[in-house]
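Single-letter residue listing:
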Amino acid sequence: MYAAGDVRVEDRPDPTILEPTDAIIRVTAACVCGSDLWPFRGADAVTEPTPMGHEYVGVVEQVGDAVTTVKPGQFVIGSFVASDNSCPNCLAGYQASCVHRQFMSGSQAELLRVPLADGTLVATPGMPDADLIPSLLTLSDVMGTGWFAAVAANVRPGGTVAVVGDGAVGLLGILSAKQMGAGRIIAMSRHASRQALAREFGATNIVDERGDAGVARIKELTGGLGADSVLECVGTQESMMQAIRSTRPGGSVGYVGVSHGVELPGQELFFSHVHLHGGPAPVRQYLPELIDLVWTRQIDPGKVFDLTLPLVDAADGYTAMDERRAIKVLLQP
């Protein structure tokens, strides 16, 4: 990305092993993330040409001398945050706050260097069938992030869940809540195609109002109380306040939308009795469990990809998502 709205596909030098803990993978599939749209739209500054992409699956081509858990020829999935998976924060389940963390970039490419490979990459049981690759790719970020949103929101069997945001993360938050046994899932969405996928993933109600009107509708659907668990999957002031105000006293908000200009009113928060938890998802914590759910075909999160393009057309993928003509774009190197 050269600047807002300016994405180009270029030839770059092949990545190499820089540290003994590195691995090089040949990318089988990558994608465009909703968070990539922040700089594309100019909300985040782009000060120099920046390799894009942080979601990836592929086959290991080379490993550094210190790597022991993956080997060349294995199909692997890694988190959007590289972690050693052994520091105190990692052992507590927060690999996205690893003391040695490195945020991944440059996965929209043919080859990718993955630092801290032992703590970041997880191999699948074998080479996956082609139809599983989109779902496995979601585990690198959006499915793991939707799962964390549901965990952070304390989703419980039989509980009432509301999801703010109908992008890929919000939709997979619905799938996660369904998998965790939620009894009622209210999706907040204004777009027919996304509403349909929300229902397919487990939504029982659709609310198309936003802001105060959306909050009022949630209260109406929950006997005036609010939802037990609310997943905030956007990252704006409106979405965060909508989430907090839609939650019953004692309920929980799991927020995973990348925050832009969010400020919380202290007194309202104080009297709301709402639990808040979230941040960058510790995807690495959930990879083994989620790989098993996909591998055994219990879940199919890859349905969020509604446009597949060759890598050379990556710029078209950004435009399609920016214009909401696509939920999420899969790129094939």
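Data block above holds the structure.
Described in the following lines is the structure provided in the data block. The structure displayed is predicted, hence computed values, not measured ones.

**Let's talk about the overall build of the chain**
Item 1. Within the chain one finds 12 helices and 15 strands.
Item 2. Taken over C-alpha atoms, the radius of gyration comes to 19 Å for the chain, in line with the 20 Å a tight globule of 333 residues would show.
Item 3. Here the chain, with 333 residues, has 52% of them falling under the buried criterion.
Item 4. Contacts in the chain between residues at least 24 apart in sequence constitute 69% of all its contacts with a sequence separation of at least 6.
Item 5. For the chain, the computed accessible surface area is about 14,200 Å², with 49% contributed by carbon and sulfur atoms.
Item 6. Separation between the mean location of the 24 positive side-chain charges and that of the 37 negative ones in the chain comes to 7 Å.

**Things to note about the sheet that holds strand β13 (residues 275-278)**
Item 1. Spatial ordering of the open sheet is given by β10-β9-β8-β11-β12-β13, a layout of six strands whose pairing is parallel. Sheet topology places β10 (205-207) and β13 at the edges, where each strand pairs with a single neighbour. Mean inter-strand twist for the sheet, computed between neighbouring axes without regard to direction, equals 20°.
Item 2. Strand direction decides the pairing type here: strand β12 (residues 247-255) and β13, joined by four bridges, are parallel. For V253, the partnering residue across the bridge sits in β13 and is L276.

**Details of the side chain of R284**
Item 1. With respect to the helices, strands and loops of the structure, R284 is situated in helix α11 (residues 283-295).
Item 2. The side chain of R284 sits in the buried core without any salt bridge; D118 is the nearest counter-charge, 8.9 Å away.
Item 3. Among the polar contacts listed, one links the side chain of R284 to the backbone oxygen of G119, at a separation of 3.2 Å.
Item 4. When residues no more than four places from it in sequence are discounted, the contact partners of R284 are S79, S83, N85, Q95, G119, T120 and V122.

**With respect to the packing of helix α5 (residues 142-152) against α11**
Item 1. It is at 10 Å that the axes of α5 and α11 come closest, and there the two elements cross at 105°. With respect to α11, the axis of α5 lies roughly perpendicular. Together, M143, G144, T145, W147, F148 and V151 of α5 and V283, Y286, E289, L290 and L293 of α11 make up the contact between the two elements.
Item 2. Class assignment for the residues of the contact of α5 with α11 results in eight nonpolar, two polar and one charged.

**Regarding the layout of surface pockets**
Item 1. Reported here for the second largest pocket is a volume of approximately 870 Å³.
Item 2. Forming the boundary of the second largest pocket are 29 residues, of which R12, P51, G106, Q108 and A109 lie nearest the centre.
Item 3. Of the residues in the lining of the second largest pocket, the class split is 17 nonpolar, five polar and seven charged.

**Side note on the pairing of β12**
Item 1. Pairing analysis gives five bridges linking strand β11 (residues 227-232) to β12, with the strands arranged parallel. Paired with L231 across the two strands is G254, which belongs to β12.

**Looking at α11**
Item 1. For α11, built from 13 residues, the straight-helix expectation of 18 Å at 1.5 Å per residue is met to within 8% by its first-to-last C-alpha distance of 17 Å.
Item 2. At E289, α11 shows its maximal bend, which comes to roughly 35°.
Item 3. Among all positions in α11, only V283, R284, Y286, L287, L290, I291, L293 and V294 are buried.
Item 4. Of the surrounding elements, those touching the buried residues of α11 are β3 (75-78), α3 (117-120), β7 (121-123), α4 (133-138), α5 and α6 (168-179).
Item 5. Two residues or fewer after α11 comes R297, characterised by a positive phi angle close to 60°.

**Description of α6**
Item 1. Here α6 is 12 residues long and its end C-alpha atoms lie 16 Å apart, about the 16 Å a rise of 1.5 Å per residue gives.
Item 2. Of all 12 residues making up α6, 10 are buried, and the element is well covered by its neighbours.
Item 3. Within α6 the residues assigned to the buried category are A168, V169, G170, L171, L172, G173, I174, L175, S176 and A177.
Item 4. Taken together, the buried residues of α6 touch α4, α5, β8 (160-164), β9 (184-188), α7 (192-201) and β11.

About the thresholds
- Residue numbers here run from 1 along each chain, matching the order of that chain's written sequence.
- It should be noted that, the model being predicted, local features are given only for residues of pLDDT at least 70 and side-chain atom pairs only at 80 or more, the latter also being counted only at that level, while totals for whole chains, interfaces and linings use all residues.
- Think of the side-chain values as coming from all heavy atoms in the structure, minus any hydrogens and water.
- Put simply, DSSP H or I for four residues or longer makes a helix, DSSP E for two residues or longer makes a strand, and each gets a number counted from the N terminus.
- Radius of gyration means the value over C-alpha atoms here, while the globule rule gives 2.2 Å times the residue count to the 0.38 power.
- Here the term buried applies to any residue with accessible area under 20% of the maximum for its type, exposed to any over 50%, and partly exposed to those in between, with areas from a 1.4 Å probe on protein chains only.
- Contact criterion: two residues are considered in contact whenever any of their non-hydrogen atoms come within 4.5 Å of each other.
- Using a 1.4 Å probe, accessible areas were evaluated by the Shrake-Rupley method; residue-level cover was limited to the displayed protein chains.
- For the purpose of counting charges, residues Lys and Arg are taken to be positive, whereas Asp and Glu are taken to be negative. His and the chain ends are not included.
- By convention, the point assigned to a charge is CZ for Arg, NZ for Lys, CD for Glu and CG for Asp.
- In this analysis, strands are considered paired if DSSP registers two or more bridges between them.
- As a rule, the C-alpha atoms of each element are fitted with a line to give its axis, helices using only the stretch in contact, and angles between N-to-C directions run from 0 to 180 degrees.
- The term salt bridge refers to a side-chain nitrogen of Lys or Arg lying within 4 Å of a carboxyl oxygen of Asp or Glu.
- As used in this structure description, the phrase polar contact means that two N or O atoms lie within 3.5 Å; if the pair is within protein, one of them must be able to donate a hydrogen and the other to accept it, and residues adjacent in sequence are counted only when both atoms belong to side chains.
- Angle categories: roughly parallel below 35 degrees, roughly antiparallel above 145, roughly perpendicular from 65 to 115, and oblique for all the rest.
- Here the nonpolar group is Ala, Val, Leu, Ile, Met, Phe, Trp, Tyr, Cys and Pro; Asp, Glu, Lys and Arg are the charged ones; every other residue, Gly included, is treated as polar.
- For cavity detection a 1 Å grid was placed over the protein atoms alone, and a set of points counts as a cavity when a 1.4 Å probe fits there but cannot get out; an open set counts as a pocket when protein lies on both sides within 12 Å along at least five of seven lines, with lining residues being those that have an atom within 4 Å of a point.
- Grid points are joined across faces, edges and corners, and a volume is the space filled by probe spheres set on the points.
- One less than the number of residues in a helix, times 1.5 Å, gives the span that helix is expected to have.
- For a residue, the bend is simply the angle between two axes, fitted respectively to the seven-residue segment ending there and the seven-residue segment starting there.

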